[in-house]
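Structural features, examined
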Amino acid sequence: MSPNMLLALSLMIPFSASIMCLVLKTQNNVRDGLTFVATLGTFACVLSMFLGFQAGETYSITLVEFRPGLSLAFEIERLGFVFALVASSLWVVTHIYGIGYMRGNNEKNHARFFACFAFAIFAALGIAYSANLLTLFLFYELLTVSTYPLVAHKGTPEAVRGARIYLGILMGTSIFFFLPAIVWMWSIAETTQFTPGGILGEGQVTSLFMGILLALFAFGIGKAALMPFHKWLPAAMVAPTPVSALLHAVAVVKAGVFTMVKVGVYIFGIDNLSSTGASHWLVWIAAGSIILASLIAMAQDNLKKRLAYSTVSQLSYIMLYMALASPSSAVDGGMHIVTHAFAKITLFMCA
């Protein structure tokens, strides 16, 4: 199988699983069994690509090119593989846990639940594979929309309210900060392509404007839960536990910090951030979030909310690594994505 065919297959499996869950709405055992096979198939594809990447293979697909530097395209690099491996491997675990949870608690709407879950994995992999900001933004929004029904799954007034806060903050930050940042970046560099070393040339923008642009990304990528745009995360704890695991470990918050690290490394460039000092202010914001979220977590009586504020704190560590603007800190941020994912999914399943 060609490398690009393997990339396409790893996206099509969870997308097809999402549709299959709705088609097999009344056949619980068949649906859940086939979806489990899909989790294994997706992980096998991602792992095969990673091994091929280590051996020198490249993975790149351009679906639509609107104009030079502006396209809907996929291209995987090392950081993308980190996120893809985390999302695809933990989907296997959360699906097994989810079947037991949904049946053991006599939850309703199993087909819709697992369909949205599979689609969220599809969106997360699309983020991991994005070759540019335009593609990433599209899948970033698909992830938000597909997880909204999961947060509101129980249908209680509390669940609906929590889901509205979730959707409102994430869509609001995307529309008012993230999207303008992408448009501004395009107007400066005439490309949105992720490029080693960044796409901002020397002298294109002053350190002040680079800092403002970084702020639009930092607060616009709401899934990174940087204070004060963090309220959606504890509000979403009304969701079933498998969804909490999805939000904290598998896809959503990991998509946020992954996007922030990728923007820092491949859009701004670590050397640019370091030489201009444009990210110094973010060091203090991230450090403040670490301390405040930890203090709030210790005051929570509800265990899931305590874990939620703990996640806000841990995500800020990753933001801090990126803001420090050194090659070693960027690597540390990528590694923290992995360690936090496995730790937090274990904690939520125990909770």
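See the structure printed just above.
Everything numeric in this text was worked out from a predicted model, so none of it was measured. (Residues numbered from 1 in each chain as written. Predicted model: local features only at pLDDT ≥ 70, side-chain atom pairs only at ≥ 80, totals over all residues. Heavy atoms only, no water.)

Considering the side chain of S313
- With respect to the element layout, S313 can be found in helix α13 (residues 303-323).
- A polar atom in the side chain of S313 sits 2.9 Å from the side chain of S294.
- If we skip the residues at most four places from it in the chain, S313 touches S289, I290, A293 and S294. (Helix = DSSP H or I, 4+ residues; strand = E, 2+ residues; numbered from the N terminus. Polar contact = N/O pair within 3.5 Å; in protein donor to acceptor, adjacent residues only side chain to side chain. Contact = heavy atoms within 4.5 Å.)

Points about the nonpolar core
- The biggest cluster of nonpolar side chains holds 118 residues, and the ones touching the most others in it are Y129, F217 and F268.
- Broken down by element, this core gets its largest block of residues, 15 residues, from helix α4 (residues 110-129).
- When neighbours within four sequence positions are excluded, F268 is seen to be in contact with M185, G197, G198, L200, M210, L213, L214, F217, V263 and L273.
- L90, A245, A341 and I345 belong to the second largest nonpolar core, which has 5 residues in total. (Core = buried A, V, L, I, M, F, W, Y, C linked by side-chain atoms within 4.5 Å. Buried < 20%, exposed > 50% of the residue type's maximum accessible area, 1.4 Å probe, protein only.)

Comments concerning the packing of aromatic side chains
- Tallying each qualifying case throughout the model produces 21 aromatic pairs.
- Seen in terms of ring centroids, F15 and F122 are 5.2 Å apart; in terms of plane orientation they differ by 55 degrees. Their pairing is tilted. Taken as a pair, F15 in helix α1 (residues 3-23) and F122 in helix α4 lie far apart in primary sequence, 107 residues in all.
- A relative accessible area of 29% means that F15 is categorised as partly exposed. (Phe/Tyr/Trp six-rings, centres within 6.5 Å; stacked < 30°, edge-to-face > 60°.)

Here we look at the packing of helix α7 (residues 207-220) against helix α12 (residues 280-298)
- Interaxial distance between α7 and α12 falls to 10 Å at its minimum, and their mutual angle equals 30 degrees. With respect to α12, the axis of α7 lies roughly parallel. For the pair formed by α7 and α12, the contact residues are G211, L214, A215, A218 and F219 on the first element and W281, L282 and I285 on the second.
- Residues of the contact of α7 with α12, tallied by class, amount to 7 nonpolar, 1 polar and no charged. (Axes fitted to C-alpha atoms, helices over the stretch in contact; angles between N-to-C directions. Parallel < 35°, antiparallel > 145°, perpendicular 65-115°, else oblique. Nonpolar A, V, L, I, M, F, W, Y, C, P; charged D, E, K, R; others polar.)

Some details on the pattern of salt bridges
- One pass over the full model with this rule turns up 3 salt bridges.
- For R31, the salt bridge goes to D32, with nearest N and O atoms at 3.1 Å.
- For D32, a relative accessible area of 3% puts it in the buried group.
- Its salt-bridge partner being K262, residue E77 comes within 2.9 Å of it at the nearest N-O pair. With E77 in the loop between β2 (70-75) and α3 (78-104) and K262 in helix α10 (residues 252-268), this pair connects stretches of sequence that are 185 residues apart. (Salt bridge = Lys/Arg side-chain N within 4 Å of Asp/Glu carboxyl O.)

Observations regarding the layout of surface pockets
- Within this model, the largest pocket holds a volume of roughly 330 Å³.
- V265, Y266, P327, A330 and V331 are, among the 16 residues lining the largest pocket, the residues nearest its centre.
- Taken together, the elements giving at least two residues each to the lining of the largest pocket come down to α3, α10, α11 (270-276) and α14 (327-350).
- By residue number, the principal contributor to the lining of the largest pocket is α14, which donates 5 residues. (1 Å grid on protein atoms, 1.4 Å probe; cavity = no way out; pocket = protein on both sides within 12 Å on 5 of 7 lines; lining within 4 Å. Points joined across faces, edges and corners; volume = space filled by probe spheres on them.)

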